[in-house]
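One-letter residues, chain by chain:
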Amino acid sequence: MRIGFGFDVHEVAPDRPLVLGGVQIPAEFGLLGHSDADVVLHAVMDAMLGALALGDIGQHFPNTDSRYKDADSYALLQRVWTLVTSQGYKLGNLDVMVLAEAPKLTPHVGKMRERIASACEANTGQISVKATTMETLGFVGRREGIAAQAVVLLVSNVV
Ligand SMILES: Nc1ccn([C@@H]2O[C@H](COP(=O)(O)O)[C@@H](O)[C@H]2O)c(=O)n1
Ligand SMILES: C[C@@]1(CO)OP(=O)(O)OP(=O)(O)OC[C@H]1O
């Protein structure tokens, strides 16, 4: 078994879509990034890469590479998952915490879990997505950014 941890932050910006966990969320703002800035999937990918000591997403998908301009992070997660399975691992479980003052994310959590489960050949019972505000404190509390943390357990296919 291998455990991994991921963390990411993106700045809030008007006139950008808000994509979290592979789901487009209705909101009056989105997140700035070279890619679609899906902070949830970025934390998830870093947790998976970390679990197998395979570097981080910036090494796999550099933000200086025009191929990743406005990239769909869900497609990047599919590529990371291919890498994980090629190393002989499957998902044990994944737990994500999203730090966002707004919008209310609970109504969208089910869809995020389904999307992530689908990318990782898992069922939704293996995927947890939770949200918290920062009670108006700090950059998240001031609605300047959204952050996400993820922890993943990968299980070897070899018995
Ligand atoms: N963006 C968010 C943040 C929180 N929630 C839900 O509200 C609950 C209370 O949040 P606190 O920060 O006051 O602890 C939290 O447990 C989530 O269920 C949310 O949906 N979207
Ligand atoms: C996936 C990438 C690709 O540019 O997305 P970005 O939007 O730049 O996001 P960040 O989390 O700063 O770095 C990861 C990058 O590899």
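Computed from a predicted model, the values in this text were never measured in an experiment.

Each value, and the rule that gives it
Residues numbered from 1 in each chain as written. Chains lettered and ligands numbered in written order. Predicted model: local features only at pLDDT ≥ 70, side-chain atom pairs only at ≥ 80, totals over all residues. UniProt positions renumbered as here; feature names shortened; annotations may be inferred. Helix = DSSP H or I, 4+ residues; strand = E, 2+ residues; numbered from the N terminus. Buried ≥ 20, exposed ≤ 12 C-beta atoms within 10 Å, placed from the backbone. Pairing = 2+ DSSP bridges. Right-handed = clockwise from strand over helix to strand, strands pointing away. Near = placed C-beta within 6 Å. Nonpolar A, V, L, I, M, F, W, Y, C, P; charged D, E, K, R; others polar. Axes fitted to C-alpha atoms, helices over the stretch in contact; angles between N-to-C directions. Parallel < 35°, antiparallel > 145°, perpendicular 65-115°, else oblique. Left-handed = near helix turned anticlockwise from the far one by under 90°. Contact = placed C-beta atoms within 7 Å.

Asks: Requested: an account of the UniProt feature "domain: 2-C-methyl-D-erythritol 2,4-cyclodiphosphate synthase" (unreviewed entry) in the protein chain, with residues and values cited.
Replies: Per the UniProt record, the feature "domain: 2-C-methyl-D-erythritol 2,4-cyclodiphosphate synthase" (unreviewed entry) sits at residues 1-154. Segment residues 1-154 splits into 32% helix and 31% strand. End C-alpha atoms: 6 Å apart.

Asks: Lay out the pairing of strand β6 (residues 127-132) in plain terms, naming residues and giving numbers.
Replies: Of the two faces of β6, the one lined by I127, V129 and A131 is fully buried and the one lined by S128, K130 and T132 carries no buried residue. As paired elements, strand β5 (residues 89-99) and β6 share six bridges and run parallel to each other. Bridge pairing links M97 to K130 in β6. In this region the chain leaves β5, passes through helix α4 (residues 106-119) and returns to the parallel neighbour β6; the handedness of that crossover is right-handed.

Asks: Explain the site of ligand 2 residue by residue, including any values.
Replies: If you check the shell around ligand 2, you find 13 residues, and the closest are G33, H34, S35, N63 and Y68. The class makeup of the residues in the shell around ligand 2 is six nonpolar, six polar and one charged.

Asks: So what about the site of ligand 1? Which residues, and what values?
Replies: Around ligand 1 lies a shell formed by A100, A102, K104, L105, T106, A131, T132 and T133. Partitioning the shell around ligand 1 into residue classes produces four nonpolar, three polar and one charged.

Asks: Could you give an account of the packing of helix α1 (residues 39-51) against helix α3 (residues 73-86), with specific residues and numbers?
Replies: The interhelical angle for the contact between α1 and α3, taken along N-to-C directions, is 10°, at an axis separation of 10 Å. Relative to α3, the element α1 is oriented roughly parallel. Judged by the sense of rotation from one axis to the other, the crossing of α1 with α3 is left-handed. Where α1 approaches α3, its residues L41, H42, V44, M45, M48 and L49 are matched on the opposing element by S73, Y74, L76, L77, V80 and V84. For the contact of α1 with α3, the class distribution of residues is ten nonpolar, two polar and no charged.

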